[in-house]
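Spelled out, the chains give:
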Amino acid sequence: AQRVTQPEKLLSVFKGAPVELKCNYSYSGSPELFWYVQYSRQRLQLLLRHISRESIKGFTADLNKGETSFHLKKPFAQEEDSAMYYCALGAVSYGKLTFGQGTILTVHP
Amino acid sequence: EADIYQTPRYLVIGTGKKITLECSQTMGHDKMYWYQQDPGMELHLIHYSYGVNSTEKGDLSSESTVSRIRTEHFPLTLESARPSHTSQYLCASSIPEQGELFFGEGSRLTVL
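Residues numbered from 1 in each chain as written. Chains lettered and ligands numbered in written order. Predicted model: local features only at pLDDT ≥ 70, side-chain atom pairs only at ≥ 80, totals over all residues. Heavy atoms only, no water.

Enquirer: Provide a residue-level description of the overall build of chain A, including the pertinent values.
Expert: When helices and strands are tallied, chain A shows zero helices and eleven strands. In chain A, the succession of helices and strands from N to C terminus is β-β-β-β-β-β-β-β-β-β-β. Taken against the 2.2 N^0.38 rule, which gives 13 Å for 109 residues, the C-alpha radius of gyration of chain A at 13 Å falls within 12% of a compact globule. Expressed along its principal axes, the backbone C-alpha trace of chain A runs to roughly 40 × 30 × 25 Å. Counting only contacts in chain A whose residues sit at least 6 apart along the sequence, the fraction spanning at least 24 positions is 59%. (Helix = DSSP H or I, 4+ residues; strand = E, 2+ residues; numbered from the N terminus. Rg over C-alpha atoms; globule rule 2.2 N^0.38 Å. Contact = heavy atoms within 4.5 Å.)

Enquirer: Quick rundown of the sheet that holds strand β8 (residues 76-78) of chain B? Include the residues and the values.
Expert: All names here are of chain B. Ordered in space as β1-β3-β8-β7, the four strands form an open sheet in which the pairing is antiparallel. The sheet is open, and its two edges are formed by β1 (4-7) and β7 (65-66), each paired on a single side. Inspection of the sheet shows β1 paired to strand β3 (residues 19-25) by four bridges, in the antiparallel sense. Following the sheet pairing, Ile4 is matched in β3 by Gln25. (Pairing = 2+ DSSP bridges.)

Enquirer: So what about the sheet that holds strand β7 (residues 60-61) of chain A? Which residues, and what values?
Expert: All names here are of chain A. The strand order across the open sheet built from three strands is β3-β8-β7, with neighbouring strands paired in antiparallel fashion. Of all strands in the sheet, those bounded by a partner on one side alone are β3 (19-21) and β7. Where β7 meets strand β8 (residues 72-74), two bridges bridge the pair, whose relative direction is antiparallel. Opposite Ala61, over in β8, you have Leu72 as the bridge partner.

Encoded structure:
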């Protein structure tokens, strides 16, 4: 069975500090991983996906198959990054995603 | 404007009532999904559909049912609501082969 684990429910950093949101997964096939974000009073939306290998809003995430991890990183956090972040795993062809419990990131001024 | 709409946003009802949560999308997507989310917890897939007249159960067992008579419409029904059904229900749609889910704003259900 596929599973996504986000070990930190809450993460607080100060503006300008580096931030890393952890995500570990278990999956028997080739995983496709995503990070979704929900800002205050907004709906859940895609932040980035591992196959694109892109940087969105300064965030990057590298898939590490050996450690089965897909941590989200940003070198300099901004206050507007405060949000709930979900790691998700699935197969693109099926569209069904398994979500982690989410991490609430708070960036203090 | 292409979007995905959920109604009602908030619903408080008594035990035993029948409820239907509406989900409509104007994005032309074939795939649609219902996720259930308790406060502070992960999203659990309860139903999905790959097109008209196609519905499947998700990973989390649910007493709710869904239908897909039209591409744009994917309502969820509870025949007899119970307090254990209190939760947030999120509807989503996606483009095949892309994996990105587009979510509605959610319907927060409270059963007294």
